[in-house]
Amino acid sequence: MTKDAWSWVGRDGAWEPAAIDTTVAHSARMYDYWLGGKTNFAPDRELGDAVERLIPTIRTMARENRRFLGRAVRHLVHEQGIGQFLDIGTGIPTEGNTHQVAQLADPAARVVYVDNDPIVLAHARALMDSTTAGRTAYLHADLREPKGILHHRALHETLDLTRPVGLMLLGVLMLVADADDPWQQVATLLEALPPGSCVALTHVTADFDPQAVQAVVDAEDEGRMTLVPRDRAAVGRFFADWELLDPGIVPVMAWRPDGTPPADPTAAYYWAGVARKRS
């Protein structure tokens, strides 16, 4: 692999990111746009607006996915005793990043972030704002090459893979085509983690509104982006034989909601779940 493919940011410096192509839309920048961020460009906003015309609740869906991150991380720290996280498909830094949530619960928590978008690497310093007791690092790497992530020295300098890890795969597997076998890529990651580890996962689905989601798939295909919605059974395969924690695989808004449960949890077209590796 080239240096650009495996650059990383840590306490001792950073490699420069690869060139950023702002002429085409990118999923991380569209997500940033829907969340009200400023790290996006005209093609991201144009396609983001086109998707919003097809699914008017898309901004709510983005926010709900982010809220799930907070609920899942807090659960893993408080209820599962996990103090270190591997967050793949990090996206552009925004409010409530994994290390911020984790370190509020456990100041010594450690987080490794992974993303393959050069613009995320360009902003990765925002992910380095760790507590003194904790630590964070960023790998510019690709989910489709999990062994490269697992063997990277920055991962082993930051996390202890003999202790439970919280693997975060939020809104990223939908960007991997079936031909690339994302189930095998996830299986490689799960196999490397010790008992007591947990995986938290969200995934776009067409189960709740097939026509609208198919229209979005077509729009993103025209924009040269991959979007693969999957049904509940296909999402369930990612958890392999790990023990699903209550309430199982449910609409993202229905996974351990704060306060009153939503009247219509299927208003956000994501399946969500958290599972634990048995001892």
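All values derive from a computational prediction rather than experimental measurement.

(A) Seen up close, the packing of helix α1 (residues 27-34) against helix α3 (residues 58-78). Running from N to C, α1 and α3 cross one another at 100°; their axes reach a closest spacing of 9 Å. Relative to α3, the element α1 lies roughly perpendicular. Contacts from Tyr-31, Tyr-33 and Trp-34 in α1 reach Ile-58, Arg-59, Ala-62, Asn-65 and Arg-66 in α3. Split into classes, the residues belonging to the contact of α1 with α3 amount to five nonpolar, one polar and two charged.

(B) Expanded view of the environment of Asp-115. Tracing the chain through its elements places Asp-115 in strand β4 (residues 110-115). On a C-alpha basis, the gap between Asp-115 and Asp-142 in space is 6.3 Å, while along the polypeptide they are 27 residues apart. In this structure Asp-115 touches Gly-89, Thr-90, Gly-91, Val-120, Tyr-138, Leu-139, His-140 and Ala-141, once residues within four positions along its chain are discounted. Among the polar contacts made by the side chain of Asp-115, one reaches the main-chain amide nitrogen of Thr-90 at a distance of 3.2 Å.

(C) Spatial organisation of the packing of aromatic side chains. A full pass over the atoms with the stated rule returns three aromatic pairs. For the ring pair Trp-183 and Phe-238, a centre distance of 5.3 Å and an interplane angle of 15° mean the geometry is stacked. With Trp-183 in helix α8 (residues 182-192) and Phe-238 in the loop between α10 (232-237) and β8 (243-244), this pair connects stretches of sequence that are 55 residues apart. The positively charged end of Arg-237 is found above the aromatic ring belonging to Trp-183, 4.0 Å away from the centroid. If you follow Arg-256 out to its NZ or CZ, it ends over the ring of Trp-255, 5.3 Å from the centre.

(D) Here's a closer look at the nonpolar core. One finds Phe-68, Val-73, Phe-85, Met-168 and Val-274 to be the most contacted residues of the largest nonpolar core, which totals 56 residues. The element best represented in this core is α3, accounting for nine residues. In this structure, Met-168 is in contact with Leu-69, Ala-72, Val-73, Leu-76, Phe-85, Leu-86, Asp-87, Ile-88 and Ala-200, ignoring residues within four places of it in sequence. Of all hydrophobic cores here, the second largest spans 34 residues; its members include Ala-154, Leu-169, Val-199 and Phe-239.

Here is what the cut-offs are and how they apply
Residues numbered from 1 in each chain as written. Predicted model: local features only at pLDDT ≥ 70, side-chain atom pairs only at ≥ 80, totals over all residues. Heavy atoms only, no water. Axes fitted to C-alpha atoms, helices over the stretch in contact; angles between N-to-C directions. Helix = DSSP H or I, 4+ residues; strand = E, 2+ residues; numbered from the N terminus. Parallel < 35°, antiparallel > 145°, perpendicular 65-115°, else oblique. Contact = heavy atoms within 4.5 Å. Nonpolar A, V, L, I, M, F, W, Y, C, P; charged D, E, K, R; others polar. Polar contact = N/O pair within 3.5 Å; in protein donor to acceptor, adjacent residues only side chain to side chain. Phe/Tyr/Trp six-rings, centres within 6.5 Å; stacked < 30°, edge-to-face > 60°. Lys NZ or Arg CZ within 6 Å of the ring centre and 35° of its normal. Core = buried A, V, L, I, M, F, W, Y, C linked by side-chain atoms within 4.5 Å. Buried < 20%, exposed > 50% of the residue type's maximum accessible area, 1.4 Å probe, protein only.

Shape descriptors only; they carry no functional weight alone.
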